[in-house]
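Chain by chain, the residues run as shown.
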Amino acid sequence: PLSCPEVAPAPRNRFRALRAEEVQQQIIRDTFHLVLKRDDHICNFLECGSLFGGSDYKLIYRHYATLYFVFCVDSSESELGILDLIQVFVETLDKCFENVCELDLIFHMDKVHHILQEMVIGGMVLETNMNEIVAQVEAQGKLEKAEGGLSAAPSRAVSAVKNINLPEIPRNINIGDINIKVPNLSQFM
């Protein structure tokens, strides 16, 4: 998954608020192509001002197995600080999802956003203590379960799909009366 939140000084919503949907999708595709074609032994910092209409932005990314985590930041941010933030984010995801994978990110996008919001709010990094972040996420999960919401349904769906060995990527996933259409990701490759 490709995420491009602006860490500082503007909140992440600036990406969505100032650009039309087709422009956002093109930026994401261009970012994906830039990051994907880079060798694993090359620096994880990439100047990307042309993508965002200014020379003040850069992409900072990490590649873990099949997952790419990409942050778009302005020039005032510390590259090493953002790499550390990505590392804490991924370790926290791994702890919360017990060996995080693409399906966890797809089926639990709300939880992923919650974890990120525990770390970064309004473009400011507020928390990097993984234990504190996990405790807050677990407290939120307990609250959701106490309210009797549908929070358990995505967990069951991910567990069911994780245990299936598929030779190819499915186009539709049917779980009970829930039908999920899997998008064609070939346009991003």
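Up top you'll find the structure we're talking about.
What you see is a predicted model; the values in this text were computed from it and never measured. (Residues numbered from 1 in each chain as written. Predicted model: local features only at pLDDT ≥ 70, side-chain atom pairs only at ≥ 80, totals over all residues. Heavy atoms only, no water.)

## Observations concerning the pairing of strand β3 (residues 67-74)
Within β3, 8 of the 8 residues are buried, leaving the element largely enclosed by the surrounding structure. Side chains Leu67, Phe69, Phe71 and Val73 project from β3 onto one buried face, and the interleaved Tyr68, Val70, Cys72 and Asp74 project onto a second face that is buried too. Of the strand pairs in this sheet, strand β2 (residues 57-64) and β3 are connected by 8 bridges, and their pairing is antiparallel. Residue Tyr61 lies in a different strand from β3, and its bridge partner there is Val70. As consecutive antiparallel partners, β2 and β3 are separated by 2 residues, and within that stretch Ala65 has a phi angle of approximately 50 degrees, a positive value. (Buried < 20%, exposed > 50% of the residue type's maximum accessible area, 1.4 Å probe, protein only. Helix = DSSP H or I, 4+ residues; strand = E, 2+ residues; numbered from the N terminus. Pairing = 2+ DSSP bridges.)

## Describing the nonpolar core
The biggest cluster of nonpolar side chains holds 25 residues, and the ones touching the most others in it are Phe69, Phe89, Leu93, Ile115 and Met119. For this core, the elements supplying multiple residues, two or more each, are β3, α4 (79-97), α6 (109-119) and α7 (130-146). With 10 residues, α4 is the largest single contributor of residues to this core. The residues touching Leu93, leaving out its near neighbours within four places in the chain, are Phe69, Glu98, Val100, Leu105, Val112 and Ile115. Among the nonpolar cores identified, the runner-up in size contains 9 residues, and Cys48, Tyr57, Leu59 and Val70 belong to it. (Core = buried A, V, L, I, M, F, W, Y, C linked by side-chain atoms within 4.5 Å. Contact = heavy atoms within 4.5 Å.)

## Details of helix α2 (residues 21-36)
For the α-helix, the turn length of 3.6 residues means that residues three or four positions removed from each other point alike. In a regular helix each residue adds 1.5 Å, so 16 residues correspond to 22 Å; α2 covers 22 Å between its end C-alpha atoms and thus fits that length. Looking at α2, one finds that the buried residues are Gln24, Ile27, Thr31, Phe32 and Val35. Taken down its axis, α2 places every buried residue within 135 degrees of arc, on the same side. (Expected span 1.5 Å × (residues − 1). Arc of directions from axis to C-beta.)

## Here's the deal with the packing of aromatic side chains
All told, the structure shown has 2 aromatic pairs when counted by the stated rule. Look at Phe69 and Phe89: their rings are 5.9 Å apart centre to centre, the planes differ by 90 degrees, and that puts the pair in the edge-to-face class. With Phe69 in strand β3 and Phe89 in helix α4, the pair connects residues that are 20 residues apart, well separated along the chain. You can call Phe89 buried: its relative accessible area is 5%. Residue placement shows Lys111 over the ring face of Phe97; its charged tip is 4.9 Å from the ring centre. (Phe/Tyr/Trp six-rings, centres within 6.5 Å; stacked < 30°, edge-to-face > 60°. Lys NZ or Arg CZ within 6 Å of the ring centre and 35° of its normal.)

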